[in-house]
Every structure is written in C-alpha cells, then in structure tokens.
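A structural walkthrough
What follows is the residue order along each chain.
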Amino acid sequence: MMQAKLIGDHPVRGLFLLLVTTSLVVLAVFFLFRLLVFDTSVAMVASIFFIILPNKLELYHLPVYAFGDMGSFCYLMSLILMISYVAQSQGALLLLSILSYSVGLLLYEPGFF
C-alpha cells in the first residue's frame, strides 16, 4: 500500500527506490565485513562479490521487492549493532539491534529462520 503511494504508475520511481534500497543493503554488507575483518580493502572486495552474486538477479526485477531489501537491511543492521554491542557493552546498541531485528521481521520474515 505504502509502496503504491510512493511509486504509483511511474517506473522510474520504482527503479530509483530499488537503487536506494539495494545501495543501503550493499553499504550494510560493507560495514558488516569491515567489522568482521578490520580491513577496508577486504570489506570492499567482499561487498563487490556480494553485488555480483548471480542469485540476486532474480530479486530485483520489480519494485515490489524493495521491501525485501529493506528487510535485509534491517537484519544486517541488527547484526552490525549486535557485534558493536558485544565489543562496546552499551545497552543502547542492544536495544537498537533488537528494534532493527523486529522491524526486519515485520518487513520480511525469512530472517526468523
């Protein structure tokens, strides 16, 4: 419903929405790998590999899949925030991680499994 109001009958808006949501997911993947390996160049190579994965091509042919991207972004942010919480022991990071995971479940349920 909300996506229909944002996009309407404009295919360019739909492609732009997919571009924005996919870019958010790729940035989250980059920051996740940077947290895991502590090296920006390795994180960049891993992000580029994530971009060219062949199974992603079936996901982005319709603007309706932008919510799948947003769900993936929420799951990745939840993981990034949880890793940051373990490293820094700040309660706010744990709360944000739980909130991000909860929003991800509302948008796209495969993160539950």
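Everything discussed here concerns the structure shown above.
Residues numbered from 1 in each chain as written. Predicted model: local features only at pLDDT ≥ 70, side-chain atom pairs only at ≥ 80, totals over all residues. Heavy atoms only, no water.

**A word on the side chain of Thr22**
For clarity, the threshold we go by: Put simply, DSSP H or I for four residues or longer makes a helix, DSSP E for two residues or longer makes a strand, and each gets a number counted from the N terminus. Any pair of N or O atoms that falls within 3.5 Å is considered a polar contact. Within protein, one atom must be able to donate a hydrogen and the other to accept it, and sequence-neighbouring residues count only if both atoms are side-chain atoms.
Here Thr22 shows up in helix H2 (residues 11-37). One polar contact links the side chain of Thr22 to the main-chain carbonyl oxygen of Leu18, over a distance of 2.7 Å.

**Things to note about a nonpolar patch on the surface**
Applicable threshold: Surface patches are drawn from residues lacking salt bridges whose relative accessible area is over 30%; two like charges belong together within 9 Å, two nonpolar side chains (Val, Leu, Ile, Met, Phe, Trp, Tyr) within 5 Å. We get accessible surface area from the Shrake-Rupley algorithm with a probe of 1.4 Å; when it comes to residues, only the shown protein chains can shield them. By definition here, a salt bridge exists when the distance from a side-chain nitrogen of Lys or Arg to a carboxyl oxygen of Asp or Glu is within 4 Å. Three labels apply to residues, based on accessible area from a 1.4 Å probe with only protein chains included: buried if under 20% of the type maximum, exposed if over 50%, partly exposed otherwise in between.
A contiguous nonpolar patch, built from Met44, Ile48, Phe49, Ile51 and Ile52 and spanning about 510 Å² of accessible area, is present on the exposed surface. Residue Ile52 is classed as exposed on the basis of its relative accessible area of 58%.

**Regarding the nonpolar core**
This is how the line gets drawn: In this description, a nonpolar core means a group of buried Ala, Val, Leu, Ile, Met, Phe, Trp, Tyr and Cys residues linked to one another through side-chain atoms lying within 4.5 Å. Two residues qualify as a contact provided that any one of their heavy atoms is within 4.5 Å of a heavy atom in the partner residue.
In terms of nonpolar packing, the biggest core is built from seven residues, these being Val25, Ala28, Val29, Leu32, Phe73, Leu76 and Ile80. When residues in this core are grouped by element, the largest group, four residues, is from H2. Each residue touching Leu32, except ones within four places of it in the same chain, is listed here: Leu76, Leu79, Ile80 and Ile83.

**Regarding the packing of helix H4 (residues 66-88) against helix H5 (residues 91-107)**
Short version of the rule: Axis definition: a line fitted to C-alpha atoms, limited for helices to the stretch in contact. Angles are taken between N-to-C directions and run from 0 to 180 degrees. Note on angle classes: values under 35 degrees are labelled roughly parallel, values over 145 roughly antiparallel, values of 65 to 115 roughly perpendicular, and the remainder oblique. In this scheme the crossing of two helices becomes right-handed for a clockwise turn of the near helix relative to the far one and left-handed for an anticlockwise turn of less than a right angle. Residues were grouped as follows: Ala, Val, Leu, Ile, Met, Phe, Trp, Tyr, Cys and Pro as nonpolar; Asp, Glu, Lys and Arg as charged; and all remaining residues, including Gly, as polar.
H5 packs onto H4 with a crossing angle of 160 degrees between their chain directions and a minimal axis gap of 8 Å. Judged by the angle between their axes, H4 and H5 are roughly antiparallel. In this structure, H4 meets H5 at a crossing whose hand is left-handed. Contacts from Phe67, Met70, Gly71, Cys74, Tyr75, Met77, Ser78, Leu81, Met82, Ser84, Tyr85 and Gln88 in H4 reach Gly91, Leu93, Leu94, Leu96, Ser97, Ser100, Tyr101, Val103, Gly104, Leu105 and Leu107 in H5. Here the residues of the contact of H4 with H5 are counted per class, giving 15 nonpolar, eight polar and no charged.

**Regarding the packing of H2 against H4**
With their axes 9 Å apart at the nearest point, H2 and H4 run at an angle of 20 degrees to one another. Taken together, the axes of H2 and H4 are roughly parallel relative to one another. In the crossing of H2 with H4, the sense of the turn from one axis to the other is left-handed. Residues Leu17, Leu18, Thr21, Thr22, Leu24, Val25, Ala28, Val29, Phe31, Leu32, Leu35 and Leu36 of H2 touch H4, and the partners they reach there are Ala66, Asp69, Met70, Ser72, Phe73, Leu76, Leu79, Ile80, Ile83 and Ser84. Looking at the contact of H2 with H4 residue by residue, the classes come out as 17 nonpolar, four polar and one charged.

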